[in-house]
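What follows is the residue order along each chain.
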Amino acid sequence: MKSVAILVSGLAFSALAAKPTAVETALKPYVDKGEIPGYISILIDGEREEWTLDGWADVEKRMPMKRDTLFRICSQTKGICGAAAAKLVAEGKMSLDDPVSKYLPEFRNLTRIANETNGVRTVVPVKAVMTLRDVLSHTGGLTFETSVSHALGWTSTPPRIDAAIAAAEPLLFEPGTKWKYSNTGINVAVAVIEKVTGERIEDHLKRVIFDPLGMKDTTFKPNAEQQSRLATIYSVTTGTVCRARDYGPLPKPYDSADRFPSGGAGLFSTAQDLIEFYRMLAFGGVARDGRRVLPEKAVTEILAVRQTPKTVGVSYSLGLFVDGETIWHDGALKTTGYANPRRRQARLWMMQCDYAVANRWHQFNVWRPVADGFFKSVNSAADEKAFNRQGGR
């Protein structure tokens, strides 16, 4: 089942069995063999937009990939929470240099692991002050997940409780000295956002990001109708057919009363929702309808700028990797989004597979170079000179 939609200069065209895009041609052998269940690719270069959808959201049920297929976007949640934090910083409501303890007092007296031998830990008081920049950029010394999240799942505790648990557990290192990827750090930042705004994170994101962008299906707790459109998770090893599986860190039921937002990995979204977020970043904080969602400073001076010290070796801002002009993040189940605010370019890859399949055909090995060709095909040398004369935007 294939559906391709292309947006050129504001005019939309769609068709079934249209001329194959370069993405479809490159990936079709893998779909036909069953090594890829199904995927969605979206590429945006200014007003030029290309969609490619192929395969199945659920192979067994023969449910095709659609624009409104729901995905578990896992760690792409981090970038959305980071955008909310950047907005508050740009508006002067908090500072990245603020100590976390300014908002969450239990972070005043932290400990860290000094030594661990034969399962016995020696802890010492932490000397450095943990800042909001630290927790949003994974340099806070926090573990990937708290002991409770590890045992019960990422959605088992509210952000404020998860933060309190994190403060009670020893850090891995002094804040600001190393880089350690951490769902916990983003959850601590979310607890701060809730303190600053007086809103639950799900309500705050809906008000400042989801509603302005028309992201009606992006949620921490999908309802029954949304779940009916949820893509199945598949696992595959090279050369074998995909097999359905569950994902333990995000346990079902997805709409239970005791399910709480995870700022590190808890959101569900659709391709038609999520592309609006990355497009907004690519256009400096402005939505498709011209509405300003984020202050331009929040994008160009905060999210698109490395916030990690050069000594740690990883370029990261607030919930987003920084790779030259591009800011991006992926999710554990193979969703990935990119935005280039300088060139007004965005790209999105959506599927639901675990990392067992990654080494063969995932976006960096197959999709990404084909997507690169989409952008190169319209950037002639003359266009590049004109682009540079205009300062990029």
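Above: the structure in question.
Residues numbered from 1 in each chain as written. Predicted model: local features only at pLDDT ≥ 70, side-chain atom pairs only at ≥ 80, totals over all residues. Heavy atoms only, no water.

**Remarks on the pattern of salt bridges**
Here comes step 1: Tallied over the full model, the rule gives 25 salt bridges.
Here comes step 2: Between Glu325 and Arg342 there is a salt bridge; the shortest N-O distance is 2.9 Å. Here Glu325, found in the loop between strand E12 (321–323) and strand E13 (326–330), pairs with Arg342, found in the loop between strand E14 (336–340) and strand E15 (345–350); they are 17 residues apart in sequence, far enough to count as distant.
Here comes step 3: When its relative accessible area of 31% is taken as the criterion, Glu325 is described as partly exposed.
Here comes step 4: Here Arg342 falls in the partly exposed class, since its relative accessible area comes to 29%.
Here comes step 5: Three or more residues are tied together by salt bridges with common partners; here these are Lys216, Asp217, Glu225 and Arg229. (Salt bridge = Lys/Arg side-chain N within 4 Å of Asp/Glu carboxyl O. Helix = DSSP H or I, 4+ residues; strand = E, 2+ residues; numbered from the N terminus. Buried < 20%, exposed > 50% of the residue type's maximum accessible area, 1.4 Å probe, protein only.)

**Some words on the packing of aromatic side chains**
Here comes step 1: Tallying each qualifying case throughout the model produces 15 aromatic pairs.
Here comes step 2: Relative to Tyr181, the ring of Phe144 lies with its centre 6.2 Å away and its plane at 20°, an arrangement referred to as stacked. In this pair, Phe144 sits in the loop between helix H3 (132–136) and helix H4 (147–152) while Tyr181 sits in the loop between helix H5 (159–168) and helix H6 (183–197), placing the two residues 37 residues apart along the sequence.
Here comes step 3: Taken together through their ring pairs, the aromatic side chains of Tyr39, Phe144, Trp154, Trp179, Tyr181, Tyr247, Tyr316, Phe321, Trp328, Tyr338, Trp349 and Trp367 make up a single cluster.
Here comes step 4: Residue placement shows Arg279 over the ring face of Phe283; its charged tip is 4.0 Å from the ring centre.
Here comes step 5: Over the ring of Tyr338 we find Arg347, and its NZ or CZ is 5.6 Å from the ring centre. (Phe/Tyr/Trp six-rings, centres within 6.5 Å; stacked < 30°, edge-to-face > 60°. Lys NZ or Arg CZ within 6 Å of the ring centre and 35° of its normal.)

**Examining the pairing of E15**
Here comes step 1: The element E15 is largely enclosed, with a buried count of six among its six residues.
Here comes step 2: Neither face of E15 is open: one carries Gln345, Arg347 and Trp349, the other Ala346, Leu348 and Met350, and all of them are buried.
Here comes step 3: Taken together, the six bridges between strand E3 (residues 38–45) and E15 define a ladder with antiparallel strand orientation. Across the sheet, the residue bridging to Ile40 is Met350, located in E15. (Pairing = 2+ DSSP bridges.)

**Concerning the packing of H6 against helix H7 (residues 201–213)**
Between two packed helices, what matters for the description is the angle formed by their axes and the separation of those axes.
Here comes step 1: For the pair H6 and H7, interaxial distance at closest approach is 9 Å and the crossing angle is 70°. Between H6 and H7, the crossing angle belongs to the class labelled roughly perpendicular. For the pair formed by H6 and H7, the contact residues are Val190, Ile193, Glu194 and Thr197 on the first element and Ile201, Glu202 and His204 on the second.
Here comes step 2: For the contact of H6 with H7, the class distribution of residues is three nonpolar, two polar and two charged. (Axes fitted to C-alpha atoms, helices over the stretch in contact; angles between N-to-C directions. Parallel < 35°, antiparallel > 145°, perpendicular 65-115°, else oblique. Contact = heavy atoms within 4.5 Å. Nonpolar A, V, L, I, M, F, W, Y, C, P; charged D, E, K, R; others polar.)

**Re the packing of helix H2 (residues 76–90) against H6**
Here comes step 1: One can describe the packing of H2 onto H6 by two numbers: an axis separation of 10 Å at closest approach and a directional angle of 40°. Considering their axes alone, H2 and H6 lie oblique with respect to each other. With respect to the hand of their crossing, H2 and H6 are arranged in left-handed fashion. Contact with H2, carried on its side by Lys78, Cys81, Ala84, Ala85 and Leu88, involves Asn183, Ile186, Val190, Ile193, Val196 and Thr197 of H6 and no other residues of that element. (Left-handed = near helix turned anticlockwise from the far one by under 90°.)

**Focus on the pairing of strand E4 (residues 48–58)**
Here comes step 1: With nine of eleven residues buried, E4 lies mostly within the body of the structure.
Here comes step 2: Pairing of E3 with E4, which is carried by eight bridges, proceeds in the antiparallel orientation. Considered in E4, the bridge of Ile42 is made with Trp51.
Here comes step 3: Between the antiparallel neighbours E3 and E4 lie two residues, among them Gly46 with a positive phi of about 60°.
Here comes step 4: Sheet topology note: the E4/strand E5 (residues 63–64) ladder contains two bridges and is antiparallel. Paired with Trp56 across the bridge in E5 is Pro64.

**Let's talk about unusual backbone geometry**
Here comes step 1: Cis rather than trans, the peptide bond between Lys252 and Pro253 has omega equal to -5°.
Here comes step 2: For Pro253, the position within the fold is in the loop between strand E10 (243–244) and strand E11 (268–270).
Here comes step 3: With phi around 45°, Cys74 is a residue other than glycine that occupies positive phi space.
Here comes step 4: By the secondary structure assignment, Cys74 is in the loop between strand E6 (70–72) and H2.
Here comes step 5: With a phi close to 75°, Lys334 is a non-glycine residue in the positive phi region.
Here comes step 6: Residue Lys334 is classed as buried on the basis of its relative accessible area of 2%.

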